[in-house]
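Tertiary structure, described
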Amino acid sequence: AAQAKANQKFIAFLNPVSFRINLINPDRSLKRITPYLKHFFSSWMFIIWALLGAYAWSLIITDYDRFCNASVGILASDRWLWLFVIWVGLKLIHETAHGVACQKYGGEVPEAGILMLLFAPLVYVNVTSSWRFSNRTQRLVVSAAGMYTELLVAFIAIIVWAHTESLWLSDLSYQIVIMAGISTLLFNANPLLRFDGYYLLADTLGIVNLYGKGQAWFGDRIRHFAFGFPLDNALCSERELRWVATYGLCSFVWRIMLCTSLLLVASTLFGGAGLVLALIGGIFWVWLPLRQHLRQIKKVAQKQPIDRLRFA
């Protein structure tokens with residue numbers, strides 16, 4: 001088991017499409033700022049956050065047409081640099097919030113760095129120490145801290161956008177709204193990606209390793225359907241079954257859609273080099289997982305004969 005885990009870690013390190021770069025240990029720096037920032041995750045601050053959010057939404061509804069029209073040209077090439085700077089700044093705020101929330105409740109943050117996904121940089125911090133918190137509310141706060149803080153920035157940016165008469169400030173505020181609000185909801189809040197939304201969902205349901213159990217359940221059903229292997233009813237408890245089954249099916253479909261989209265983007269965005277990148281991505285995202293499933297089928301087939309007619 002230890003050797004298999006080491007092999008998986010080595011393969012992940014070699015993956016050029018998705019990999020992590022550990023840069024610093026932020027624990028000491030976070031301990032200096034946590035006493036000043038920990039109040040952002042208090043009850044009274046949450047009330048202020050909710051009121052600002054309600055006011056920001058009312059501004060969008062009141063001036064909906066102008067808000068929609070402001071999106072014209074937001075992805076123009078002359079704005080890419082600003083969007084990138086805003087993106088990096090928001091991600092630093094996002095991950096700092098995770099670290100502060102973790103340390104507020106006595107956790108440690110030993111690692112911070114960059115997660116590269118198809119050469120798009122995402123900042124990350126290691127707050128796995130929060131998983132040991134006995135209080136579920138504290139774990140949920142740590143998981144939600146990044147989105148909570150980014151949405152606070154988005155609410156303030158909406159208010160500035162609605163009241164300023166300066167064109168450049170209005171444009172800047174709108175870009176912040178898009179990057180901090182919509183992108184956060186689409187990616188970080190998406191429970192089918194193993195980001196903040198996933199950990200919030202798993203902890204709320206009280207299911208440890210929801211993703212792993214969902215994948216195992218789906219693979220077990222496929223092997224039963226295709227080869228006639230007996231079902232493994234010990235993969236999860238009866239209480240978890242409905243959620244695990246739903247998540248396993250949805251995450252499988254989402255994974256196929258996401259991998260296909262990223263590989264298509266890679267093959268077209270970088271020209272000939274993109275085709276090579278897509279091929280490498282296909283090896284790591286398709287062939288290696290498929291080979292692992294084939295090994296499992298072979299292992300089960302040693303004890304349970306394959307129903308070849310059923311498979312055909």
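Criteria and cut-off values
Residues numbered from 1 in each chain as written. Predicted model: local features only at pLDDT ≥ 70, side-chain atom pairs only at ≥ 80, totals over all residues. Heavy atoms only, no water. Axes fitted to C-alpha atoms, helices over the stretch in contact; angles between N-to-C directions. Helix = DSSP H or I, 4+ residues; strand = E, 2+ residues; numbered from the N terminus. Parallel < 35°, antiparallel > 145°, perpendicular 65-115°, else oblique. Contact = heavy atoms within 4.5 Å. Nonpolar A, V, L, I, M, F, W, Y, C, P; charged D, E, K, R; others polar. Patch = residues over 30% accessible without salt bridge, like charges linked within 9 Å, V, L, I, M, F, W, Y side chains within 5 Å. Areas by Shrake-Rupley, 256 points an atom, 1.4 Å probe, with all protein chains shown as cover. Salt bridge = Lys/Arg side-chain N within 4 Å of Asp/Glu carboxyl O. Buried < 20%, exposed > 50% of the residue type's maximum accessible area, 1.4 Å probe, protein only. pLDDT = per-residue confidence, 0-100. Polar contact = N/O pair within 3.5 Å; in protein donor to acceptor, adjacent residues only side chain to side chain. Phe/Tyr/Trp six-rings, centres within 6.5 Å; stacked < 30°, edge-to-face > 60°. Lys NZ or Arg CZ within 6 Å of the ring centre and 35° of its normal.

A few points about the packing of helix 2 (residues 27-37) against helix 5 (residues 80-104)
Running from N to C, helix 2 and helix 5 cross one another at 80°; their axes reach a closest spacing of 9 Å. By the criterion of interaxial angle, the relationship of helix 2 to helix 5 is roughly perpendicular. Seen from helix 2, the contacting residues are Asp27, Leu30, Lys31, Ile33, Thr34 and Leu37; seen from helix 5, they are Thr96, Gly99, Val100, Gln103 and Lys104. In terms of residue class, the contact of helix 2 with helix 5 is built from four nonpolar, four polar and three charged.

Things to note about a nonpolar patch on the surface
Residues Leu249, Phe252, Val253, Ile256 and Met257 make up a contiguous nonpolar surface patch of about 430 Å² in total accessible area. In this structure, phenylalanine 252 sits in helix 10 (residues 241-269). With relative accessibility at 33%, the residue phenylalanine 252 sits in the partly exposed group.

A short note on the confidence of the model for the protein
Overall, the prediction assigns the protein a mean pLDDT of 84, with 89% of residues at 70 or greater. Within the protein, no element has a lower average pLDDT than helix 1 (residues 2-14), which sits at 49, and none a higher one than helix 3 (residues 43-62), at 96.

Focus: the environment of serine 58
Following the sequence through the fold, serine 58 ends up in helix 3. Reaching out from serine 58, the side chain makes a polar contact with the backbone oxygen of tyrosine 55 at a distance of 2.5 Å.

Side note on the packing of aromatic side chains
Two measures describe an aromatic ring pair: the distance that separates the ring centres and the angle between the ring planes. Inspection of the entire model under this criterion finds 13 aromatic pairs. Cluster of aromatic residues (ring-pair linked, three or more members): Phe41, Phe46, Trp49, Tyr148 and Phe155. Above the plane of the ring of tryptophan 161 lies arginine 66, whose end atom (NZ or CZ) is 4.0 Å from the centre. The positively charged end of lysine 91 is found above the aromatic ring belonging to tryptophan 87, 4.8 Å away from the centroid.

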